[in-house]
Amino acid sequence: MQDLRQRVIGAPEISTGGFHRYKVAIRDPFAGRAHHGVIVKTYSATNLAVKEAAGRYSPAEAVAVNYGTGLFPTSMA
């Protein structure tokens, strides 16, 4: 992120998943001058007892997608 901060002019918009360490990883290099969007997807459970589901690779169905946005203030931990 430090490398990205050096190459970006202004306040970038950065989207990540909901992993809690992304907040600090973006906040610290950008000193609160980045718009951070969080995308959290909720997936359905796949019934692995069904032979077809147990023997194939395919992603589960996304049943919900939640978005959060905001500018990180420098005081946010």
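Each remark here, short or long, concerns the structure printed above.
Structural notes, computed from the coordinates. (Residues numbered from 1 in each chain as written. Predicted model: local features only at pLDDT ≥ 70, side-chain atom pairs only at ≥ 80, totals over all residues. Heavy atoms only, no water.)

The backbone of Ala 31 shows a phi angle near 50°, a positive value even though the residue is not glycine. Within the element layout of this structure, Ala 31 appears in the loop between helix H2 (21–30) and strand S2 (35–43). By relative accessible area, which is 32% here, Ala 31 ends up partly exposed. (Helix = DSSP H or I, 4+ residues; strand = E, 2+ residues; numbered from the N terminus. Buried < 20%, exposed > 50% of the residue type's maximum accessible area, 1.4 Å probe, protein only.)

Attention shifts here to the pattern of salt bridges. Evaluation of the coordinates by the stated rule reveals two salt bridges. With a closest N to O distance of 2.9 Å, Asp 3 and Arg 7 form a salt bridge. Taken together, the residues Asp 3 and Arg 7, both in helix H1 (residues 2–7) and four residues apart, mark about one turn of the helix. On the basis of relative accessible area, Arg 7 is assigned to the exposed category, the value being 59%. Put simply, Asp 28 and Arg 27 hold a salt bridge, and the shortest N to O gap is 2.7 Å. (Salt bridge = Lys/Arg side-chain N within 4 Å of Asp/Glu carboxyl O.)

A few words now on the sheet that holds S2. With mixed pairing, the three strands of this open sheet are ordered in space as S1-S2-S3. A strand with exactly one partner marks an edge of an open sheet, and here the two such strands are strand S1 (13–16) and strand S3 (62–68). With strand direction ignored, the average angle separating the axes of adjacent strands in the sheet is 20°. Inspection of the sheet shows S2 paired to S3 by six bridges, in the antiparallel sense. What sits directly across from Tyr 43, in S3, is Ala 62. (Pairing = 2+ DSSP bridges. Axes fitted to C-alpha atoms, helices over the stretch in contact; angles between N-to-C directions.)

Spatial relationships are all this shows, so hold off on functional conclusions.
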